[in-house]
Each structure stands twice: as C-alpha cells, then as structure tokens.
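Residue strings, one per chain:
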Amino acid sequence: MGLLKLAVLASGRGSNFEALVRAGKDGRLNAQFALLIVSKPDTGALEIASAHGIPAICLRRGDFENRGAFVAAMQSALVASGAETLALAGYMKKLPPEVISAYAGRIFNIHPGLLPAFGGQGMFGRHVHQAVLDAGCKVSGVTVHLVDERYDHGPIVAQRCVPVLPDDDAQTLAARVLKEEHCLFAEVLGAVAQGRLCVDSGQAWLSSD
Ligand code: GRF
C-alpha cells in the first residue's frame, strides 16, 4: 500500500487525531491527512487541523434538509479528498451505512476499553472507565477495530492492556488508557499503510512482516 490517504473523523478534543498527525510527522505513520470531518464546530480537532494545514469540514445532520443530503455531502467530501481509509478518532456519531459500505474494510475505530466488553451505544468516554471500575476489572485497555454497522462492533485489529490500580477513578484510568490509545492507533494505521492488515473469515490481524 505505502502511503495511507486518510480521512479522520472526530467529535471532541482531538488528542487521538493529534497523535496520528504527530506520528505522520515523525515517520511512524506514512499517511497523507486528506481530510478531517467533525460532527460539531466546537472541537479541538478543528484547531489541530488548522495548525497543521489539514483540510477540515464540519458536517452536521441538522444543517441539511434531509438525511440523503447529509450523506451525499459526506460522501462527496470524502471522494473529493481522495481519502481511501477512514479513522474514527472519537467520532460520536454513527457513520451512515452508505459510507460504511463504500469504505468497507478500510474504516478503523479506536475504543477506550477491551472490546467486546464495555462497548456499544452509550459506552463512551467516562462511562467506559466507570463501568470497568464498577465491574472490578484488574485490566482495561484500548481496542482498534474495523467498523461495521453496529456500535463498537467489527473485527478487532489490535488491543493493548493497561492495569487498573486500586485507587483509580474514571479520570486516572482514562488518562492511562488514553496514553496507550495515542500509541496504538498510529501503530495500527502504520501497519495498515505497510500492507500488514489481514482479514479473513470475520477475523482481522496485523502480520509481522
Ligand atoms: C478516545 O478515548 C477514543 O478512544 C474514543 O473517544 C475519545 C476521543 O478522545 N473513541 P480525543 O478526542 O481523541 O482526545
């Protein structure tokens, strides 16, 4: 594959997006950041895009007359950008099925927990970490997976664990997990750029060469 033509979708502060951009700059990730799509205007991700000269647009369903117009706008922005791979970096909306099928097998999401536990609708941010603590888990972690039409579902590509410590609260655990997120997402996408993603019979993995 070589160069990954990447569109990143985000809804929040954008620290994962920034980590990807940084990995691109220091050679860990061979990517061209073709486009950032945000789902609301007040996101840190937009500032990061502007600081790095990355094209960015805000696409909100409410700004369009109907769903079809919204989906068409997203599709044409992606096509015009030349993006071939999508990275959901804290994107809080469900991607339209039309986009999922157009980029099937090339959409990656990062989740701040060890899927298939602690995922699904409503399981985001602090809710994930609090649920992990409430369950008494001794490890948590990060999952990068391929996206299908269900929330936090689709073949798991890579995971990394962090310990849950006795005096953790959701915030301290989130910070420990986030640090790993910033490494793992770039590692996975870097491996994808190198053509190391293997998918077979609903399973995904990264080959070592
Ligand atoms: C991350 O924890 C990510 O795993 C989840 O949303 C959060 C986004 O954080 N999907 P940031 O905007 O990248 O800082």
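Before any of the text, the structure's been laid out above.
What you see is a predicted model; the values in this text were computed from it and never measured. (Residues numbered from 1 in each chain as written. Predicted model: local features only at pLDDT ≥ 70, side-chain atom pairs only at ≥ 80, totals over all residues. Heavy atoms only, no water.)

### With respect to the site of the ligand
Phase 1: In the vicinity of the ligand, the residues found are G12, R13, G14, S15, N16, G90, I110, H111, P112 and E181.
Phase 2: The separation between an oxygen atom of the ligand and a polar main-chain atom of G14 is 2.8 Å.
Phase 3: Here an oxygen atom of the ligand sits 2.5 Å away from a polar atom, N or O, in the side chain of S15.
Phase 4: Calculation on the ligand without its partners gives an accessible area of 360 Å², and the protein chains cover 87% of this total.
Phase 5: Broken down by secondary-structure element, the contributors of at least two residues to the shell around the ligand are α1 (15–25) and β5 (107–111). (Near = heavy atom within 4 Å. Polar contact = N/O pair within 3.5 Å; in protein donor to acceptor, adjacent residues only side chain to side chain. Areas by Shrake-Rupley, 256 points an atom, 1.4 Å probe, with all protein chains shown as cover. Helix = DSSP H or I, 4+ residues; strand = E, 2+ residues; numbered from the N terminus.)

### Considering the sheet that holds β5
Phase 1: Strand order across the open sheet formed by seven strands is β3-β2-β1-β4-β5-β6-β7, with mixed pairing between neighbours. Both outer strands of the open sheet, β3 (56–58) and β7 (156–163), are each paired with one neighbouring strand and no more. Recorded for the sheet is a direction-independent mean angle of 20° between the axes of neighbouring strands.
Phase 2: Pairing geometry for strand β4 (residues 85–88) and β5, over three bridges, is parallel. Paired with L86 across the strands is I107, a residue of β5.
Phase 3: Packed onto the sheet, helix α2 (residues 44–51) meets β1 (4–10), β2 (31–38) and β3 and runs at close to 145° relative to β2.
Phase 4: Packed on one face of the sheet, helix α6 (residues 170–193) meets β1, β4, β5, β6 (139–146) and β7 and runs near 150° to β7. (Pairing = 2+ DSSP bridges. Axes fitted to C-alpha atoms, helices over the stretch in contact; angles between N-to-C directions. Contact = heavy atoms within 4.5 Å.)

### Topic: the packing of aromatic side chains
Here the distance between the centres and the angle between the planes together describe a pair of aromatic rings.
Phase 1: Applying the stated rule across the entire model yields two aromatic pairs.
Phase 2: Between the aromatic rings of F17 and F33, the centroid separation amounts to 6.3 Å while the plane-to-plane angle is 70°, which identifies the pairing as edge-to-face. Here the residue F17 occupies a position in helix α1, and F33 occupies one in strand β2, the gap between them amounting to 16 residues. In terms of burial, F17 and F33 fall into one category: buried.
Phase 3: Aromatic pair F64 and F70: ring centres 5.7 Å apart, planes at 65°, arrangement edge-to-face. (Phe/Tyr/Trp six-rings, centres within 6.5 Å; stacked < 30°, edge-to-face > 60°. Buried < 20%, exposed > 50% of the residue type's maximum accessible area, 1.4 Å probe, protein only.)

### A word on the environment of R60
Phase 1: Locating R60 in the fold gives a position in the loop between β3 and α3 (67–81).
Phase 2: Leave out the neighbours within four places in its chain, and R60 touches S39, K40, P41 and F70.

### Overview of the packing of helix α5 (residues 125–134) against α6
Phase 1: The interhelical angle for the contact between α5 and α6, taken along N-to-C directions, is 110°, at an axis separation of 9 Å. Here α5 is positioned roughly perpendicular relative to α6, judged by the angle of their axes. As for how α5 packs across α6, the hand of that crossing is right-handed. Listed contacts from α6 to R126, H129, Q130, V132 and L133 of α5 are A170, L173, A174 and V177. (Parallel < 35°, antiparallel > 145°, perpendicular 65-115°, else oblique. Left-handed = near helix turned anticlockwise from the far one by under 90°.)

### So, the nonpolar core
Phase 1: If you look at the biggest cluster of nonpolar residues, it comprises 42 residues, and the most contacted ones within it are V8, F17, L20, F33, F108, F185 and L189.
Phase 2: With ten residues, the single largest contributor to this core is α6.
Phase 3: Every residue in contact with L20, bar those within four places of it in the chain, is listed here: V8, L29, F33, A87, F185, A186 and L189.
Phase 4: Counting 22 residues, the second-largest nonpolar core is a separate cluster that includes A7, L86, L88 and Y103. (Core = buried A, V, L, I, M, F, W, Y, C linked by side-chain atoms within 4.5 Å.)

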